[in-house]
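# Architecture and fold: a report
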Amino acid sequence: DAALVRHGIDPGRPLIVFVGRIARQKGIDHLLRAAPQIDRAAQLVLIAGAPDTPEIAAEIRELHDAARAAGASVVWIEEMVARPELIQILSHAVAFVCPSIYEPFGLVNLEAMACEAAVVASGVGGIPEIVVEGQTGYLVPCDPEAVASDRAVARQFEAALAERINQLVADPALANRLGAAGRHRVLE
């Protein structure tokens, strides 16, 4: 628990973890817009740095502040996290969330599954080859072009992300089952 406490994470709460660059393709903006709909018992942990542009850095900061103002519990770790600490954080996660709108492979999902975290991911790119719907996590339908161009479609995607996350927060036994199946899949 030392790594969690050092980063301001409450080990006594269900953790929802995102790991990735601050980039449009990673969908962190959608996750932050979904954050106020996530069960208040949970803590959203963003391990996210290296913004692609100053503009996206500013936008993500604004969305982070708005999510917190709306009551979401968000811990944002902007510095690099050493692998052993990352493993500790992922191993405590009820769910790992990958809201990418573009992801050719999604290695980070495999890393999370190896740590027995259930995965909630957008069903884009190579992600469906890794995450098995209903077995190792959930795939949230996502049409990247529609999400990027239509705010109503984006809101549906964000609500669906929150809904799947909330299912796992509400049912730790389910989250554990999906996480164990994910680890088994990685080891195979």
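Residues numbered from 1 in each chain as written. Predicted model: local features only at pLDDT ≥ 70, side-chain atom pairs only at ≥ 80, totals over all residues. Heavy atoms only, no water.

Before going further, it helps to examine the sheet that holds strand S1 (residues 15–21). Strand order in the open sheet made by the 6 strands is S3-S2-S1-S4-S5-S6, with parallel pairing throughout. The open sheet terminates on both sides in strands that have one partner only, identified here as strand S3 (74–77) and strand S6 (137–140). Direction aside, neighbouring strands of the sheet carry axes that sit 20 degrees apart on average. Alignment of strand S5 (residues 118–122) against S6, held across 4 bridges, turns out to be parallel. Bridged to Val-119 within S6 is Gly-137. Together, S1, strand S2 (43–49), S3 and strand S4 (93–98) form the strand contacts of helix H4 (residues 83–92), whose direction differs from that of S4 by roughly 105 degrees. (Pairing = 2+ DSSP bridges. Helix = DSSP H or I, 4+ residues; strand = E, 2+ residues; numbered from the N terminus. Axes fitted to C-alpha atoms, helices over the stretch in contact; angles between N-to-C directions. Contact = heavy atoms within 4.5 Å.)

Moving on to the pairing of S1. Most of S1 sits inside the fold, with 5 of its 7 residues counted as buried. Bridge count for S1 against S2 is 7 bridges, and the pairing is parallel. Residue Arg-21 lies in a different strand from S2, and its bridge partner there is Gly-49. Traced from S1 through helix H2 (residues 28–34) to S2, the parallel crossover comes out right-handed. Relative to S4, S1 is paired through 3 bridges, and the arrangement is parallel. When the sheet's bridge partners are listed, Leu-15 is paired in S4 with Ala-93. (Buried < 20%, exposed > 50% of the residue type's maximum accessible area, 1.4 Å probe, protein only. Right-handed = clockwise from strand over helix to strand, strands pointing away.)

Residue position: Ser-100 is located in the loop between S4 and helix H5 (107–114). Ser-100 gets classed as buried once you look at its relative accessible area, which sits at 1%. At 2.8 Å, the side chain of Ser-100 and the side chain of Glu-103 are in polar contact. When residues no more than four places from it in sequence are discounted, the contact partners of Ser-100 are Gln-25, Lys-26, Gly-27, Ser-122, Val-124 and Ile-127. (Polar contact = N/O pair within 3.5 Å; in protein donor to acceptor, adjacent residues only side chain to side chain.)

The next point concerns the packing of helix H7 (residues 151–170) against helix H8 (residues 172–187). When two helices pack together, their arrangement is given by the angle between their axes and by how far apart the axes lie. As a packed pair, H7 and H8 sit with axes 5 Å apart at the nearest point and diverge in direction by 105 degrees. As summarised for this structure, H7 and H8 are arranged roughly perpendicular, according to the angle between their axes. Between H7, through Leu-168, Val-169 and Ala-170, and H8, the contact on the second element is made entirely by Pro-172, Leu-174, Ala-175 and Leu-178. Here the residues of the contact of H7 with H8 are counted per class, giving 7 nonpolar, no polar and no charged. (Parallel < 35°, antiparallel > 145°, perpendicular 65-115°, else oblique. Nonpolar A, V, L, I, M, F, W, Y, C, P; charged D, E, K, R; others polar.)

With that settled, consider the side chain of Asn-109. Among the structural elements, Asn-109 can be located in helix H5. With a relative accessible area of 0%, Asn-109 lands in the buried category. Setting aside residues no more than four positions away along its own chain, Asn-109 makes contact with Phe-96, Cys-98, Val-119, Ala-121, Ile-127, Ile-130 and Val-131.

Here we take up the pattern of salt bridges. Pairs can form between side chains of opposite charge once their charged atoms are near each other. Scanning all chains against the criterion turns up 11 salt bridges. Of the charged contacts, one joins Lys-26 and Glu-103 as a salt bridge, the two residues approaching to 3.1 Å between their closest N and O atoms. Within this pair, whereas Lys-26 is found in the loop between S1 and H2, its partner Glu-103 is found in the loop between S4 and H5, the two being separated by 77 residues in sequence. On the basis of relative accessibility, which here comes to 14%, the residue Lys-26 falls in the buried class. Each of the salt bridges in this network shares a partner with another, and the network as a whole consists of Arg-24, Asp-29, Arg-33 and Glu-59. (Salt bridge = Lys/Arg side-chain N within 4 Å of Asp/Glu carboxyl O.)

Considering the arrangement of structural elements, one finds Ala-121 in strand S5. Overall, the relative accessible area of 0% leaves Ala-121 in the buried class. Here the alpha-carbon distance between Ala-121 and Gly-20, two residues 101 residues apart in the chain, equals 13 Å. Ala-121 has contacts with Cys-98, Asn-109, Ile-127, Tyr-138, Leu-139 and Val-140, leaving out every residue within four places of it along the chain.

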